[in-house]
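# Overview (structure and organization)
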Amino acid sequence: MTYIENIYICLVAPLFLAVFIVRKSWRKSLVFLIAGMSCCVISAYISSFLAGNLEADSATASHAISPMVEEIVKFMPVFFYKLVFRTEKKSSIHAILMVAVGFATFENVCYLTTNGSSNLLNLVIRGFGTGAMHVVCGVMISVGMFFLWDREWLRPLGIAAVLGMAITFHAIFNIIVAAPGIWCYVGSVFTISLILIYLVFLKKKLSE
Amino acid sequence: MFEIIETLIQLIVIVICMIHALVYAIAKRRDLWTLMAFFYGSYALGVSYWLVCIVFLGETPKVSMVSDFSWYTTYLFLFLVFREAFAMHGYVEAVSKKPIMFVIPVIAPIFTFSMAIFYMRFGAVISNVIYALLMGMLLYGLIYVLLNFKVVKSKSFRALCLVAFLFCVSEYGMWTASCFFEGTGISNPYYWFDIMLTVTVPVFIPIIRLEIKTQTAPVKNRNKWEVAE
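Here the structure is a predicted model, which means the values were calculated and not measured.

So, on to the pattern of salt bridges. Residues and elements named next belong to chain A. Summed over the entire model, instances satisfying the criterion amount to one salt bridge over all chains. A salt bridge links K74 to E71; the nearest nitrogen and oxygen atoms lie 3.1 Å apart. You can see K74 and its partner E71 sitting in helix α3 (residues 58-85), three residues apart, about one turn around the helix. E71 matches K74 in its accessibility class, with the two residues each being buried.

See the structure below:
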């Protein structure tokens, strides 16, 4: 059994202390990193509860329940930040990515403690693949926010729709990486290549 | 096997449309292209999820929350495309204001909710209610415009509404057929409607292109793209 709340305290403690010490411009990033880790703990509890309630096995839970819970919970801190502080789009996009990174980091640590750290190749693939998937979902939501936030009537419907897209992408990734053989690598390489496509072709165009 | 090939062809068609819409959204900076890119994107993700489940798990999803999410998203984006085009034309003022024209489209939500009650015999309650709500909203708008066909001048907007209506009809055809037929061959009517959907989806692209042309054309030149009353 993995005591994720103990791991959470252990990981978050130094970051939490650093929040009070680092420069103001860095503070926001650290807070969102911690928020991402907190989201991971919360979504683990909610997913387990829902899986129990729907009598789903672990495979079904991993591709049908946890993507939905994780993406919605991950979006909540940024949604709160955007609504309460009425921040600029750029700042929110940065926040979404930091939450995604925090989430992926904590998930990887939990994976390490459960499955051990002996197989380096597996861990590299897992680390980059899952990290890339969470970042791709973050980018998807941030691109959606970038285009759909400006008009009020488009905002709630558009954001709900973009969240739906992120959930489906997450679920597809979970199914592919759980498949035996080469598929785990294919899934990871695919998400990493999506990030590369974004960096090479889309980022500059979007920032224009 | 037929199911996999048919779904794969549909996925390829949608992905090509998505890439086209995405390129135009980035190059032209028009909201309609952005919404179309999201519409195709969410539809492609839904189809991919279905395909991945069939290929890797050997069955359709047991808990269909995720695929439902992507279908909700697709209908939502199609509604947003319709609303955006409707608002851009300023038809809110132009179309008929006779009360009967607002009352007749109410058959759309009545139909969607009746069908939802029927589908509840086979599936979940909440997802059917959400589908009925989204489809009811979309079909209400489409029927409203189709009833005002003579008042609506733009050819492209008429075409957009017609194709969106066909899209909804093929969706309902698929859902209803899947309640009565179980085979996975071409003899199953489900696949007829699915093929109809695959044919309908790319038709949006030229229509949206024409629609944007109409919107960006100077007022005095608009007659070129619009049909006279």
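The rest of the description comes next.
Another point: the packing of helix α2 (residues 24-53) of chain A against helix α4 (residues 89-115) of chain A. All names here are of chain A. Interhelical geometry of α2 versus α4 gives an angle of 50° and a closest axis separation of 7 Å. Taken as axis vectors, α2 and α4 run oblique relative to one another. Of the two possible hands of crossing, α2 and α4 adopt the one that is right-handed. Of α4, the residues touching α2 (which contributes K28, S29, F32, L33, G36, M37, C39, C40, V41 and S43) are S91, H94, A95, M98, V99, V101, G102, F103, T105, F106 and E107. In terms of residue class, the contact of α2 with α4 is built from twelve nonpolar, seven polar and two charged.

A few words on the nonpolar core. A general trend in soluble globular proteins is that nonpolar side chains are found buried together. Of all hydrophobic cores here, the largest spans 120 residues; its most connected members are M36(B), Y40(B), F77(B), F157(B), F167(B) and F204(B). The biggest single contributor to this core is helix α2 (residues 31-57) of chain B, with 16 residues. Those residues in contact with F77(B), other than ones at most four positions away along the chain, are L148(A), G158(A), A161(A), V162(A), M165(A), L35(B), F38(B), F39(B) and S42(B).

Rules behind the numbers
- Residues numbered from 1 in each chain as written.
- Chains lettered and ligands numbered in written order.
- Predicted model: local features only at pLDDT ≥ 70, side-chain atom pairs only at ≥ 80, totals over all residues.
- Heavy atoms only, no water.
- Salt bridge = Lys/Arg side-chain N within 4 Å of Asp/Glu carboxyl O.
- Helix = DSSP H or I, 4+ residues; strand = E, 2+ residues; numbered from the N terminus.
- Buried < 20%, exposed > 50% of the residue type's maximum accessible area, 1.4 Å probe, protein only.
- Axes fitted to C-alpha atoms, helices over the stretch in contact; angles between N-to-C directions.
- Parallel < 35°, antiparallel > 145°, perpendicular 65-115°, else oblique.
- Left-handed = near helix turned anticlockwise from the far one by under 90°.
- Contact = heavy atoms within 4.5 Å.
- Nonpolar A, V, L, I, M, F, W, Y, C, P; charged D, E, K, R; others polar.
- Core = buried A, V, L, I, M, F, W, Y, C linked by side-chain atoms within 4.5 Å.

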